[in-house]
Every structure is written in C-alpha cells, then in structure tokens.
Amino acid sequence: MTGLFITLEGGDGTGKSTQAALLGEWFTEQGREVVFTREPGGTDLGLELREIVLHSRGDITARAEALLYAADRAHNVATIVRPSLARGAVVIQDRYLDSSAAYQGAGRVLDPVEVRNVSMWATENLVPDLTVLLDLDPKVGRERLDADNKRFDRLESEALDFHVRVRDAYLAMAASEPDRFIVVDASLDRLEIRDAIIARLGTRS
Ligand code: TYD
C-alpha cells in the first residue's frame, strides 16, 4: 500500500483542523493508518520554532520568517512525513509549503517562487498528493476567530489587505495546479466539505 500525503490550506478560521479530523476518521474507517501533523509545530523542534515565529515580541524580518517556517518544515518532513509515507500511512497535515508561498510570498511580498524554492530544498522536493484549499472571505474568517476569542498570533494580527493577498495567492496557486488542488467553499457545512473532499479522493487513480 502506498502512502498518501494530504495537506490542508487556507486562511485563518477556515476550519482546517475540523476537516483534518473528519478526514482522519474516514480513512481510519477504511482501515488506513492515519498520521496527523501540522506546520508550524508538528515536532518538538517545531513547537519551539512555532513559539518564536508566532509569538516572538521582537521584530522578525520577512526572510528570517520564511527561513524559520522552512526549518520547521524540513524537520517535520524528515522525521514525521517521509517515514509515515514509507510505511504506507495517510499523512494529513494542517498547512504546508503553500502557506509559505501565500503568507511569506504574497502576504509579506517576497518572491513567491523563491519562497517555494526554499521549501522545495528544505523538503527534498516533497509535493503533496492532494491539497485541500478551504476558501473563505478573510472578513468571515476573522469574525470566526473573534467569536472563538483567541489570542491573535503575529500573522493573524496583520491587516485585512494582507489576508486578502493571501487568499488571492492561494486561489492563483490552485488554478495553476488543478491536479493537486481541490478548492472548497469553507462557508459550507463541515460534513458537506468533507464529502466534497472524499468525492475528489474517489476520482484519484
Ligand atoms: P496555524 O497553526 O494554522 O494557526 P492556528 O493554529 O493559530 O489557527 O498557523 C499559524 C500561522 O502561521 C498562520 O497565521 C499562518 C502562518 N504560516 C505562515 O505564515 N507560513 C507558513 O509557512 C506556515 C506553515 C504558517
């Protein structure tokens, strides 16, 4: 049995972790081993990097930020993702290289291609089998976060136009790689979203 690498992408408050859990249940029912991970922070090292990159009080320059995410990614892929795929597991991951291209690229206005290339180097070119883009108007995503009453991290605190650029970049990436991406309207009911993703999985060879 071959492993399957599925990543969930989208703005903040789009329900990625809910969908990760629902997909995981479905694969488990199919008898598959499921491994959940996330970036930043899927490993012990990643948790330390996550704290720095999201909650550091000092300034972090755009390139330094991109490299911190890439360091977290390199370690997560080498120690969790690749070994799990080699065993034949389904890896369901909350955020991956498209987050860097969208947030550090379009959001911070670094060159998205260069940012992506850093991630490709960091992961020795590991590209997901399927990437689910949960698409939502950033204003609605923000309202959901407000309703959850959570503490905003450095990226979430950015102004709305930052999050609009992030969304547009995600949609452009999805359009340029239609075989890898499925775009789902994140305002739909959680089970409708899950079913749309599963339907897409069913059409994979
Ligand atoms: P996430 O863990 O999804 O947020 P939370 O669990 O707090 O809802 O991601 C944290 C933030 O990190 C999010 O605002 C997006 C940002 N991020 C990047 O800017 N670049 C990256 O490469 C990744 C993986 C995340």
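On a predicted model such as this, the values are computed, not experimentally measured, just so you know.

*Asks:* Sorry, what's going on with the site of the ligand here?
*Replies:* Surveying the vicinity of the ligand reveals 16 residues, the closest of which are R50, R73, R95, S100 and Q104. At 2.9 Å, a side-chain N or O of R73 approaches an oxygen atom of the ligand. Here Q104 contributes a side-chain N or O atom positioned 2.7 Å from a nitrogen atom of the ligand. Its free accessible area being 550 Å², the ligand has 89% of it covered by the protein chains. Judged by the fraction of its atoms near the pocket grid, the ligand is located in the largest pocket. Those elements that place two or more of their residues in the shell around the ligand are α2 (44-55), α3 (62-86) and α4 (97-107). Considering each element in turn, the shell around the ligand owes the most residues, four residues, to α4. Of the residues assigned to the shell around the ligand, the class counts are five nonpolar, three polar and eight charged.

*Asks:* Would you mind showing me how to read the layout of surface pockets here?
*Replies:* Volume-wise, the largest pocket comes out at about 610 Å³. Around the largest pocket sit 29 residues that line it, and D12, K16, R50, R95 and E156 are the ones nearest its centre. Among the secondary structure elements, those contributing two or more residues to the lining of the largest pocket are α1 (16-29), α2, α3, α4 and α6 (138-148).

*Asks:* Would you explain the pattern of salt bridges in this entry?
*Replies:* Pairs can form between side chains of opposite charge once their charged atoms are near each other. Under the counting rule described, the total for this entry stands at 12 salt bridges. Across the pair D12 and R95 runs a salt bridge, and its minimum N-O distance is 3.1 Å. Pair noted here: D12 is in the loop between β1 (4-10) and α1 and R95 is in the loop between β3 (90-94) and α4, with a separation of 83 residues, a long-range link. The exposure class of R95 is buried, given its relative accessible area of 12%.

*Asks:* Explanation requested: the sheet that holds strand β5 (residues 181-185) in the structure shown.
*Replies:* Paired through backbone hydrogen bonds, the strands of a sheet run either parallel or antiparallel to each other. One open sheet accounts for five strands, arranged β2-β3-β1-β4-β5; its pairing is parallel. The open sheet has two free edges, formed respectively by β2 (34-38) and β5, since each of these has just one partner strand. Across the sheet, the axes of successive neighbouring strands diverge by a mean angle of 20°, strand direction being ignored. In this structure, β1 lies alongside β3, joined through five bridges in parallel fashion. Its bridge partner being in β3, F5 is matched across the sheet by V91. Helix-sheet contacts for helix α7 (residues 160-176) involve β1, β4 (130-135) and β5, and the interaxial angle to β4 is about 140°.

*Asks:* Looking at this structure, I do not really get the packing of aromatic side chains. What am I missing?
*Replies:* Centre distance and the angle of the planes are the two values used to describe a pair of aromatic rings. Under the counting rule described, the total for this entry stands at four aromatic pairs. With centroids separated by 5.0 Å and ring planes inclined at 80°, the aromatic side chains of W26 and F27 adopt a geometry described as edge-to-face. Overall, W26 belongs to the partly exposed group, its relative accessible area being 23%. Overall, F27 belongs to the buried group, its relative accessible area being 5%. Ring geometry for Y103 against F162: centres 6.1 Å apart, planes inclined by 55°, an arrangement best described as tilted. Of this pair, Y103 sits in helix α4 while F162 is found in helix α7, placing the two residues 59 residues apart along the sequence. With a relative accessible area of 4%, Y103 lands in the buried category.

About the cut-offs
- Residues numbered from 1 in each chain as written.
- Predicted model: local features only at pLDDT ≥ 70, side-chain atom pairs only at ≥ 80, totals over all residues.
- Heavy atoms only, no water.
- Near = heavy atom within 4 Å.
- Polar contact = N/O pair within 3.5 Å; in protein donor to acceptor, adjacent residues only side chain to side chain.
- Areas by Shrake-Rupley, 256 points an atom, 1.4 Å probe, with all protein chains shown as cover.
- 1 Å grid on protein atoms, 1.4 Å probe; cavity = no way out; pocket = protein on both sides within 12 Å on 5 of 7 lines; lining within 4 Å.
- Sits in = over half its atoms within 2 Å of the grid points.
- Helix = DSSP H or I, 4+ residues; strand = E, 2+ residues; numbered from the N terminus.
- Nonpolar A, V, L, I, M, F, W, Y, C, P; charged D, E, K, R; others polar.
- Points joined across faces, edges and corners; volume = space filled by probe spheres on them.
- Salt bridge = Lys/Arg side-chain N within 4 Å of Asp/Glu carboxyl O.
- Buried < 20%, exposed > 50% of the residue type's maximum accessible area, 1.4 Å probe, protein only.
- Pairing = 2+ DSSP bridges.
- Axes fitted to C-alpha atoms, helices over the stretch in contact; angles between N-to-C directions.
- Contact = heavy atoms within 4.5 Å.
- Phe/Tyr/Trp six-rings, centres within 6.5 Å; stacked < 30°, edge-to-face > 60°.

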